[in-house]
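Examination of the molecular architecture
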Amino acid sequence: MSDHHHAHDHHDHVHGDARVKRDVLERDAGSGKILFLDAPSGLAGDMIIAALVDLGVPEHVIVEAASVLSLHGFHLHFGTRERSGIVATAFDVHVDAAQPERTYGAIRTMLDESELSPGIKARAQATFRRLAESEARVHGMPPDDVHLHEVGAVDAIVDVVGSAAALDYLGARLVVSPLPMGHGWVKARHGILPLPPPAVVECLQGFPTYDAGVAFELVTPTGAAIVGAHAESTTRWPTFSPERTGWGAGTATLADRPNLLRAVLGTPVAHASGPSASHVVVEANIDDATGELLGHCIDALFAGGALDAWAVPLVMKKGRPAFQLGALAPLALRDAIAAIMLRESTTIGVRHYEVARIERPRRVEHVSTPFGVIPVKIAEDAFGPPLRKPEFDACLAAARNHRVPLRVVIEAAAAEAALADSRVR
């Protein structure tokens, strides 16, 4: 399992001097905007970095993030590859010296002790945590003990940290297209593994995937972990106004499609021409389920990719007390959400209808508090004063670690986010 798309194509070189210099984006240029990764050929860590640099993230953002790690024996190279007439950016980590195997615990400690900025550090930790927990489920061991082998190699660490730096620099909401899965087999450290690799499937829980009909590893573990940790939703194409595009090239040449990842930065559009429905509501009326079962159904719907799920009390025929079980999800997940509702609840049928929604643009800031770095979701636009909501799970973990009431951590994170906003203004 490599962390780049496999198999170097020896007829296709990386040309460092052929790159067309693009205007770079300013820091936080993606604030309030959508960053869409369009991945019909899959994705890998190096392709994500390449696409974001081609989009306008300065190369030095990646280089500086890699330079503060306690790693040696490698150098970075940006160049171009042409695919179907499109000149795309390529990113390579050239390893100059033997590298030790690293456990997730060792990588987590290395990131903790690094001088990475809090935002980059939090994103990199989230990516590696997603990957380690996925590998741990596959191999039946504690996450800290997972030897990441190929994924613990220096190139994958640079891919994770470099992508974290690029996403932090842009500050946009990350949305990804449904991801193609290849078939066949791949030789890995543990032996021959089926495609898609087990860790990729685990990392992409809750994300729609489909059979690409290609005997190739289209989505790598590193690429899956980056998307799994940071993409907030999936859609074939978001309702937004594209502003600029970047192309990232994979290493291998594919027989049936150009090996390219497209990154598009754009502004959300509340009212677009054409079909306006972007989401679906799935509902069922249930009069024979316990509260515990309904609670489990709601959890299962969230795990399956629902953006919201609920149970509303109502009265049915003959005065029977009942509940309406409902879920809101992206259109692409309609059938998957309906299947979960039918499987996990006692209903024998569900209904669904398409909806459009107006959203406040959101961004995530990582703020430093006495209890650690806490991600805070901030919504701000013409609809009124900003809304700031610290991420509950992160606050809960910090409260437990520091043995303080949960509300103390939430209040500290919200106050620090408000202070950081005032400094910017």
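**So, the overall build of the protein**
In terms of helices and strands, the protein carries 11 helices and 18 strands. Taken over C-alpha atoms, the radius of gyration comes to 22 Å for the protein, in line with the 22 Å a tight globule of 425 residues would show. Referenced to the eigenvectors of the C-alpha coordinate spread, the extents of the protein come out at roughly 75 × 50 × 50 Å. Expressed as a percentage of the 425 residues in the protein, the buried residues total 49%. Taken as a whole, the protein presents about 19,500 Å² of accessible surface, with 54% of it coming from carbon and sulfur. Averaging the locations of the 39 positively and 51 negatively charged side chains of the protein gives two centres separated by 6 Å.

**What about the sheet that holds strand β12 (residues 279-286)?**
Read across the sheet, 4 strands follow the order β13-β14-β12-β15 without closing on themselves; strand pairing throughout is antiparallel. The sheet is open, and its two borders are formed by β13 (308-315) and β15 (351-355), each paired with just one other strand. Along the sheet, successive strands turn relative to each other by an average axial angle of 20 degrees, direction set aside. Strand direction decides the pairing type here: β12 and β15, joined by 5 bridges, are antiparallel. Bridge assignment links H279 to a residue of β15, and that residue is V355. Strands in contact with helix α9 (residues 334-344) are β12, β14 (321-330) and β15; relative to β12, the strand with the most contacts, it is inclined by about 15 degrees.

**Some points on the sheet that holds strand β17 (residues 372-381)**
Sheet strands associate in pairs through backbone hydrogen bonding, adopting either a parallel or an antiparallel arrangement. Spatially, β16-β17-β18 is the arrangement adopted by the 3 strands of the open sheet, whose pairing is antiparallel. Of all the strands in the sheet, just β16 (362-369) and β18 (384-390) have a single pairing partner and so form its edges. Between one strand axis and the next, the sheet turns by 30 degrees as a mean value, whatever way the strands run. Most of the contacts of helix α4 (residues 118-139) go to β16, to which it runs at about 105 degrees, and overall it touches β16 and β17. Here helix α10 (residues 392-402) sits on the sheet and contacts β17 and β18; the angle it forms with β17, its principal contact strand, is near 155 degrees.

**A few points about the pattern of salt bridges**
A side chain of one charge can pair with a side chain of the opposite charge when the charged atoms of the two come close. Throughout the structure, instances matching the rule amount to 12 salt bridges. Across the pair R257 and D256 runs a salt bridge whose closest N-O atoms are separated by 2.8 Å. Classification of R257 as buried rests on a relative accessible area of 18%. Measuring nitrogen to oxygen at the nearest pair gives 3.2 Å for the salt bridge that ties D287 to R320. Of the two residues, D287 sits in the loop between β12 and α8 (291-303) while R320 sits in the loop between β13 and β14, which places them 33 residues apart along the sequence. On the basis of relative accessibility, which here comes to 34%, the residue D287 falls in the partly exposed class.

**Focus: the side chain of R363**
Of note, R363 is situated in strand β16. Of note is the side chain of R363, whose polar atom sits 3.5 Å from the side chain of S31.

**Examining the environment of P390**
Structurally, the position occupied by P390 is in strand β18. A relative accessible area of 9% means that P390 is categorised as buried. In the structure, P390 is positioned 64 residues away from G326 in sequence and 26 Å away in space, judged by C-alpha atoms. With residues up to four places along the chain from it excluded, the contact list for P390 reads I374, P375, V376, C395, I410, A413 and A414.

**Section: unusual backbone geometry**
The peptide bond linking L195 to P196 adopts the cis configuration, its omega dihedral lying at -5 degrees. For P196, the location among the structural elements is in the loop between β7 (191-195) and α6 (198-203). The backbone phi angle of D28 is positive, close to 65 degrees, even though this residue is not glycine. Assignment of secondary structure puts D28 in the segment before β1 (34-38). Phi is positive for S84, close to 50 degrees, though the residue is something other than glycine. Looking at where S84 falls in the secondary structure, it is placed in the loop between β2 (74-83) and β3 (86-95). Overall, S84 belongs to the exposed group, its relative accessible area being 66%.

**A closer look at the nonpolar core**
If you look at the biggest cluster of nonpolar residues, it comprises 64 residues, and the most contacted ones within it are L35, L43, L52, V161, L179 and L204. Ranked by residue count, the leading element in this core is helix α5 (residues 154-170), at 11 residues. The residues touching L179, leaving out its near neighbours within four places in the chain, are A39, L43, L204, P208, T209, Y210, V219 and V227. Core analysis: the second largest hydrophobic core is formed by 20 residues, A289, L294, A309 and A329 among them.

Definitions and cut-offs
- Residues numbered from 1 in each chain as written.
- Predicted model: local features only at pLDDT ≥ 70, side-chain atom pairs only at ≥ 80, totals over all residues.
- Heavy atoms only, no water.
- Helix = DSSP H or I, 4+ residues; strand = E, 2+ residues; numbered from the N terminus.
- Rg over C-alpha atoms; globule rule 2.2 N^0.38 Å.
- Buried < 20%, exposed > 50% of the residue type's maximum accessible area, 1.4 Å probe, protein only.
- Areas by Shrake-Rupley, 256 points an atom, 1.4 Å probe, with all protein chains shown as cover.
- Lys, Arg positive; Asp, Glu negative; His and termini not counted.
- Charge placed at Lys NZ, Arg CZ, Asp CG, Glu CD.
- Pairing = 2+ DSSP bridges.
- Axes fitted to C-alpha atoms, helices over the stretch in contact; angles between N-to-C directions.
- Contact = heavy atoms within 4.5 Å.
- Salt bridge = Lys/Arg side-chain N within 4 Å of Asp/Glu carboxyl O.
- Polar contact = N/O pair within 3.5 Å; in protein donor to acceptor, adjacent residues only side chain to side chain.
- Core = buried A, V, L, I, M, F, W, Y, C linked by side-chain atoms within 4.5 Å.

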